[in-house]
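Here's the letter readout for the chains.
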Amino acid sequence: MMAVDWNQLKSRYLQDDFSTRLGGIASNLARARSLLDSGTNEQVALQLLRES
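Everything quoted here is computed from the prediction, not taken from an experiment.

Definitions and limits used
Residues numbered from 1 in each chain as written. Predicted model: local features only at pLDDT ≥ 70, side-chain atom pairs only at ≥ 80, totals over all residues. Heavy atoms only, no water. Helix = DSSP H or I, 4+ residues; strand = E, 2+ residues; numbered from the N terminus. Expected span 1.5 Å × (residues − 1). Buried < 20%, exposed > 50% of the residue type's maximum accessible area, 1.4 Å probe, protein only. Arc of directions from axis to C-beta. Contact = heavy atoms within 4.5 Å. Phe/Tyr/Trp six-rings, centres within 6.5 Å; stacked < 30°, edge-to-face > 60°. Lys NZ or Arg CZ within 6 Å of the ring centre and 35° of its normal.

Okay, the environment of S27 next. Take S27: it is sitting in helix α2 (residues 18-38). The spatial distance from the C-alpha of S27 to the C-alpha of Q15 is 18 Å, given a sequence separation of 12 residues.

With 21 residues, α2 extends 30 Å from end C-alpha to end C-alpha; this agrees with the ideal 30 Å at 1.5 Å per step. Buried within α2 we find N28, A32 and L35. Looking straight down α2, one finds that the buried residues subtend no more than 65 degrees of arc, so they occupy a single side. Exposed and oriented more than 90 degrees from the buried face of α2 are F18, S19, R33 and D37. Contact partners of the buried residues in α2: α3 (42-51). Just downstream of α2, G39 is the residue with a positive phi angle, here 75 degrees.

This part takes up the packing of aromatic side chains. Taken as a whole and assessed by the stated rule, the structure comprises zero aromatic pairs. A cation over an aromatic ring shows up here: R21 above the ring of Y13, its NZ or CZ 5.6 Å from the ring centre.

A few words now on unusual backbone geometry. For N41, which is not glycine, the phi torsion reads 50 degrees and is therefore positive. Along the chain, N41 turns up in the loop between α2 and α3.

Read these as layout, nothing more, since geometry by itself doesn't imply function.
Printed below as a string of structure tokens:
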């Protein structure tokens, strides 16, 4: 799995308005749940949770 630059991710995240940030978190959590429910790509789901 690719290394994540958390500072760069945070900087980009903070440029968005609050509703966009909240929508992104909701999308990540929905994708993570879908991946975990299907039993596939657990590592991707965990990365989405970390990112959120």
